[in-house]
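Chains, contacts and geometry: an overview
Listed below are the residues making up each chain.
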Amino acid sequence: MSHERVSYRLFRPVYPSPASLVTSADADGKPNIITLGETFNLSVHEPVIVGIAIAPQRYSHKLISEQGEFVVNLPPADLLPKVLQVGAMSGRDHDKFAEIGLTPIPATHVKPPLIAECPVNLECRLLNVQTIGDHDLFQGEVLEHHVSPDLLNEEGKFDHAKLSTIVMAGGHFFDLGEHLRHWK
Ligand SMILES: Cc1cc2nc3c(=O)[nH]c(=O)nc-3n(C[C@H](O)[C@H](O)[C@H](O)COP(=O)(O)O)c2cc1C
């Protein structure tokens, strides 16, 4: 690679990031879904805290701020058409579960449901909302991790090699790609 550099403003300059489907619910328990390209690990071991960045104009911003709960659902690659549909309409005037054809599963600790089509689901309690810039940072403590048993190996360990996911870089989508090695 050349050691020369040119100035170039990248869209979403830190890459890649997972596409996630985050569920929320209103005071009556009616669920909504938002597609996010900004979902991060903030505290890794104890407690486990994740961050999501949501623009103030989203309906999900209001629901999660008011109700203090959300679920991060990680979609497999074949869900990409629905991931785009979720991100193209607002729960203010759409029932996205019914219209897009996704299946809610009741969560254990929170009102927003898990999405059955997503093999990993993290139930979160909102800890804090921080104004950052054009998006706000929602920090959520993970109260429960759910995974599909299809992703476990014979010893009951999570097998990342079985994982199908959607990775974003700029406006492009990729699958997870080739396994390089474990870190140890
Ligand atoms: C691939 C993709 C990534 C997105 N990432 C974000 C994001 O990180 N933060 C955000 O606020 N909106 C993001 N959006 C936009 C919201 O998903 C979209 O505005 C959605 O309709 C909001 O729904 P709601 O009004 O029901 O909350 C993204 C959309 C797509 C398609």
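Residues numbered from 1 in each chain as written. Predicted model: local features only at pLDDT ≥ 70, side-chain atom pairs only at ≥ 80, totals over all residues. Heavy atoms only, no water.

1. Focus: the overall build of the chain
On a plain count of helices and strands, the chain comes out with three helices and twelve strands. Relative to the compact-globule value of 16 Å for 184 residues, the chain shows a C-alpha radius of gyration of 17 Å, a close match. Each of the three principal axes of the chain carries a C-alpha extent, and together these read 55 × 45 × 35 Å. Taking contacts inside the chain between residues at least 6 apart in sequence as the whole, the part at least 24 apart equals 58%. About 11,200 Å² of surface is accessible on the chain, with carbon and sulfur atoms providing 55% of the total. Within the chain, one finds 15 positive and 23 negative side-chain charges whose respective centroids are separated by 5 Å. (Helix = DSSP H or I, 4+ residues; strand = E, 2+ residues; numbered from the N terminus. Rg over C-alpha atoms; globule rule 2.2 N^0.38 Å. Contact = heavy atoms within 4.5 Å. Areas by Shrake-Rupley, 256 points an atom, 1.4 Å probe, with all protein chains shown as cover. Lys, Arg positive; Asp, Glu negative; His and termini not counted. Charge placed at Lys NZ, Arg CZ, Asp CG, Glu CD.)

2. Some remarks on the pairing of strand 3 (residues 31-36)
Note that strand 2 (residues 20-25) and strand 3 share six bridges and pair antiparallel. From the neighbouring strand, Val 22 faces strand 3, where its bridge partner is Ile 34. (Pairing = 2+ DSSP bridges.)

3. Describing the sheet that holds strand 10 (residues 136-147)
The strand order across the open sheet formed by seven strands is 3-2-6-9-10-5-4, and the pairing between neighbours is antiparallel. The open sheet terminates on both sides in strands that have one partner only, identified here as strand 3 and strand 4 (39-43). Sheet twist, expressed as the mean angle between neighbouring strand axes with direction ignored, is 35 degrees. Relative to strand 10, strand 9 (residues 120-131) is paired through eleven bridges, and the arrangement is antiparallel. Bridge assignment links Val 120 to a residue of strand 10, and that residue is Val 147. Sheet strands in contact with helix 1 (residues 59-67) are strand 2, strand 3, strand 5 (49-54), strand 6 (69-74), strand 9 and strand 10, and its direction is about 55 degrees off that of strand 2. (Axes fitted to C-alpha atoms, helices over the stretch in contact; angles between N-to-C directions.)

4. Here's the deal with the site of the ligand
If you check the shell around the ligand, you find 22 residues, and the closest are Thr 35, Ser 60, Met 89, Ser 90 and Gly 91. Here an oxygen atom of the ligand and a side-chain polar atom of Ser 60 are 2.6 Å apart. One of the backbone N or O atoms of Met 89 is found 2.7 Å from an oxygen atom in the ligand. Calculation on the ligand without its partners gives an accessible area of 650 Å², and the protein chains cover 88% of this total. Where the shell around the ligand is concerned, the elements lending two or more residues are strand 3, strand 5 and helix 1. Tallying contributions element by element places strand 3 first for the shell around the ligand, with four residues. For the shell around the ligand, the class distribution of residues is ten nonpolar, eight polar and four charged. (Near = heavy atom within 4 Å. Polar contact = N/O pair within 3.5 Å; in protein donor to acceptor, adjacent residues only side chain to side chain. Nonpolar A, V, L, I, M, F, W, Y, C, P; charged D, E, K, R; others polar.)

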